[in-house]
Amino acid sequence: MIKILFFIPTLGHGGAERVLTNLVNHMDKSRFDITVQTMFDVGIYRDKLQTGIRYLGGLKRYFRGNTVAFKLLSPGQLYRLYIRERYDMIVSYLEGPSARVVSGCNDPDTRLVCWIHGEQRDLRYASAIFRSVHEAFECYKKYDRIICVAETIKQDFGRIFRVGAPVEVLYNTVESDIIRAKKDEPVDDVIFSKDCV
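Every chain begins its residue count from 1, and numbering advances along the sequence as written. Totals for whole chains, interfaces and linings use every residue, but because this is a predicted model, local features are given only for residues with pLDDT of at least 70 and side-chain atom pairs only at 80 or more, for both listing and counting. Hydrogens and water are ignored here; the side-chain numbers use all heavy atoms of the structure.

Draft legend 1. Broad picture of the side chain of Ser98. Runs of E in the DSSP output that reach at least two residues are strands. Runs of H or I that reach at least four are helices, and both are numbered from the N terminus. Here Ser98 is to be found in helix 4 (residues 97-102). Categorising residues by exposure relies on relative accessible area from a 1.4 Å probe, with only protein chains included: less than 20% of the type maximum marks a residue as buried, more than 50% marks it as exposed, and the intermediate range marks it as partly exposed. The exposure class assigned to Ser98 is buried, which follows from its relative accessible area of 0%. Any pair of residues with heavy atoms lying within 4.5 Å of one another is described as a contacting pair. With near-sequence residues (within four places) excluded, Ser98 lies in contact with Phe7, Ile8, Pro9, Met39, Ser92, Tyr93 and Tyr143.

Structure representation (structure tokens):
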């Protein structure tokens, strides 16, 4: 059985968090020993993980300025702070903070995967959560595979970062059967404030 960890900042109400929940819920539990771990123990999708998927919460409260505070620690120190077990594969399920933590793994037998969900825009934006541009390059170079959720994101990442790992596209999982089943359900009235229009 392959022991795999998915590491993400939170299981909040974002799209990547929802897609991660869909992905792990549909993985073959007879082939994978699945753990989902967050940097912060917050988010609406924690309760959506199916039985058989282990959840490890991180810090109990999300705090403003955490990115700045975490820059005081190296990726290796952050890795040791968060990840206490050995895994066959660790997936950083978002670019940025979780990618920095996972890159601190020094176990040569652990395969590292970084799943990129957002466009990086430019080098300054892409390296903002790192101590420096150099650290951003060094962190991403530690990964065995880089997965992007769209061809445009792959092109964007490749334009900014030249890493030795293969950069591939895997589209987000979508629960089409659930969407089709709910298409005819009534929707409660949605009221928008004037500020939203």
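Draft legend 2. Inspection of the nonpolar core at higher detail. To form a nonpolar core, buried Ala, Val, Leu, Ile, Met, Phe, Trp, Tyr and Cys residues must be joined to one another through side-chain atoms within 4.5 Å. Grouped together as the largest cluster of nonpolar side chains are 56 residues, with contacts concentrated most on Phe6, Val24, Ile83, Tyr93, Tyr140 and Ile146. Ile83 has contacts with Leu5, Phe7, Gln37, Ile90 and Val101, leaving out every residue within four places of it along the chain.

Draft legend 3. The packing of aromatic side chains, seen in detail. Working definition: rings of Phe, Tyr and Trp (its six-membered ring) pair if their centres are within 6.5 Å, and the pair is stacked with planes under 30 degrees apart, edge-to-face with planes over 60 apart, and tilted otherwise. The full count for this structure, using the stated rule, is 14 aromatic pairs. Here Phe70 and Tyr82 contribute two aromatic rings whose centre-to-centre distance is 6.4 Å and whose plane-to-plane angle is 80°, an arrangement assigned as edge-to-face. Taken together, the positions of Phe70 in helix 2 (residues 66-70) and Tyr82 in helix 3 (residues 75-82) put the pair 12 residues apart, joining distant regions of the chain. Of the two residues, Phe70 and Tyr82, both sit in the buried class. Summarising the aromatic geometry, the rings of Tyr140 and Phe161 are spaced 4.8 Å apart at their centres and angled 55° between planes, so their arrangement reads as tilted. Of this pair, Tyr140 sits in helix 6 (residues 133-141) while Phe161 sits in the loop between helix 7 (151-160) and strand 7 (167-169); the two residues are 21 residues apart in sequence, bridging distant segments of the chain. No difference in accessibility class separates Tyr140 from Phe161, as the two residues are buried. Ring-pair connections join several aromatic residues into one group, and the members of that group are Phe7, Phe40, Tyr62, Phe63, Phe70 and Tyr82. Residue placement shows Lys3 over the ring face of Tyr87; its charged tip is 5.1 Å from the ring centre. Directly above the ring of Tyr125 sits Arg121, whose terminal nitrogen or CZ lies 4.0 Å from the centroid. Should the NZ of a Lys or the CZ of an Arg lie within 6 Å of a ring centre and within 35 degrees of the ring normal, that charge is described as sitting over the ring.

Draft legend 4. Representation of the pattern of salt bridges within the structure. Put simply, a salt bridge is a Lys or Arg side-chain nitrogen that is within 4 Å of an Asp or Glu carboxyl oxygen. Across all of its chains, the model carries 11 salt bridges by this definition. We note a salt bridge from Lys60 to Asp41, for which the minimum N-O separation is 3.1 Å. One end of the pair, Lys60, is in the loop between strand 3 (54-56) and helix 2; the other, Asp41, is in the loop between strand 2 (32-38) and strand 3, and 19 residues separate them in sequence. A salt bridge links Glu168 to Arg145; its shortest N-O distance comes to 2.8 Å. Of this pair, Glu168 sits in strand 7 while Arg145 is found in strand 6 (residues 145-148), placing the two residues 23 residues apart along the sequence. Salt bridges linked by common partners bring Lys3, Arg54 and Glu85 together as one network.

Draft legend 5. Structural context of helix 7. By the burial criterion, the buried members of helix 7 are Ile153, Asp156, Phe157, Gly158 and Ile160. Buried-residue contacts for helix 7 involve strand 5 (111-116), helix 5 (123-126), helix 6, strand 6 and strand 7.

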